[in-house]
Amino acid sequence: MDVLHVILQILLGVTSLLLTLLILLHKGRGGGLSDMFGGGMSSGLSSSGVAERNLNRFTVILGVTWGLVIIALGLIMRFSGGDS
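This is a predicted model, so every value here is computed, not measured. (Residues numbered from 1 in each chain as written. Predicted model: local features only at pLDDT ≥ 70, side-chain atom pairs only at ≥ 80, totals over all residues. Heavy atoms only, no water.)

K.L.:
Looking at this structure, I do not really get the side chain of Thr-15. What am I missing?
P.N.:
By the secondary structure assignment, Thr-15 is in helix α1 (residues 2–25). Note on Thr-15: relative accessible area 4%, which makes it buried. A polar contact of 3.1 Å, which involves the side chain of Thr-15, links it to the backbone oxygen of Leu-12. Leaving out residues up to four positions away in the same chain, Thr-15 has contacts with Leu-62, Thr-65 and Trp-66. (Helix = DSSP H or I, 4+ residues; strand = E, 2+ residues; numbered from the N terminus. Buried < 20%, exposed > 50% of the residue type's maximum accessible area, 1.4 Å probe, protein only. Polar contact = N/O pair within 3.5 Å; in protein donor to acceptor, adjacent residues only side chain to side chain. Contact = heavy atoms within 4.5 Å.)

K.L.:
Even after reading the chapter, I still don't get helix α3 (residues 49–79), so can you show me in this structure?
P.N.:
A turn of α-helix holds 3.6 residues, and therefore any two residues three or four places apart point the same way. For α3, with 31 residues, the first-to-last C-alpha span of 45 Å sits near the 45 Å given by 1.5 Å per residue. On its buried face, α3 is in contact with α1. Immediately downstream of α3, the backbone of Gly-81 shows phi near 90 degrees, a positive value. (Expected span 1.5 Å × (residues − 1).)

K.L.:
Any chance you could explain the environment of Gly-67 here in plain terms?
P.N.:
Secondary-structure assignment places Gly-67 in helix α3. In this structure, the C-alpha to C-alpha distance between Gly-67 and Thr-15, residues 52 residues apart in sequence, is 9.7 Å.

K.L.:
It is not clear to me how a nonpolar patch on the surface should be interpreted in this structure. Could you clarify?
P.N.:
Where nonpolar side chains cluster on the molecular surface, the patch consists of Val-60, Val-64, Leu-68, Ile-71, Leu-75 and Phe-79 and spans about 640 Å² of accessible area. With respect to the element layout, Val-60 can be found in helix α3. Judged by its relative accessible area of 54%, Val-60 falls in the exposed class. (Patch = residues over 30% accessible without salt bridge, like charges linked within 9 Å, V, L, I, M, F, W, Y side chains within 5 Å. Areas by Shrake-Rupley, 256 points an atom, 1.4 Å probe, with all protein chains shown as cover. Salt bridge = Lys/Arg side-chain N within 4 Å of Asp/Glu carboxyl O.)

K.L.:
Whenever I open this one, α1 confuses me. Can you help?
P.N.:
Its 24 residues place the ends of α1 35 Å apart at the C-alpha level, agreeing with the 34 Å of an ideal helix rising 1.5 Å per residue. Along α1, the residues classified as buried are His-5, Leu-8, Thr-15, Leu-19 and Leu-22.

K.L.:
What should I look at first to understand the packing of α1 against α3 in this one?
P.N.:
Helices that pack against each other are described as a pair by the angle of their axes relative to one another and the distance between those axes. Relative orientation of the contacting elements α1 and α3 amounts to 150 degrees, with a least axis distance of 9 Å. The orientation of α1 with respect to α3, classified from their angle, is roughly antiparallel. By crossing handedness, the relation of α1 to α3 is classed as left-handed. When grouped by side-chain class, the residues that make up the contact of α1 with α3 number 19 nonpolar, 7 polar and no charged. (Axes fitted to C-alpha atoms, helices over the stretch in contact; angles between N-to-C directions. Parallel < 35°, antiparallel > 145°, perpendicular 65-115°, else oblique. Left-handed = near helix turned anticlockwise from the far one by under 90°. Nonpolar A, V, L, I, M, F, W, Y, C, P; charged D, E, K, R; others polar.)

K.L.:
Before we go on, may I ask you to explain the confidence of the model for the protein in this structure?
P.N.:
Interpreting fine coordinate detail is not advised for predicted regions of low pLDDT. Confidence in the prediction of the protein, expressed as mean pLDDT, is 82, and 71% of residues score 70 or more. Element-level mean pLDDT values for the protein span from 56 in helix α2 (residues 33–36) up to 94 in α1. (pLDDT = per-residue confidence, 0-100.)

Structure, rendered in C-alpha cells:
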C-alpha cells in the first residue's frame, strides 16, 4: 500500500504542475487580471480554434485526473488509518 501511496503522491505533484502550466497557457477573456498584465492588448489577434479546443481538452482531462488522484489519496489515507 505504501508503494501506491508514493506513486499517487508523485502523480499528484506532476499533475499539479502541468495543470498550472496549462491554465496559464489559456488565452485571457478580458475584464480580469489578464488585462492588468497586458492580456487585453492581444485580443485582436485570435489563436487557432483547434489549438484552443485541444488545450481545453487537455486541461479538462488533466483536471479530472488530478481530482481522481486526490480522491484516491484521501481514500487510501482514510482506510489505512492515516498513519502513512
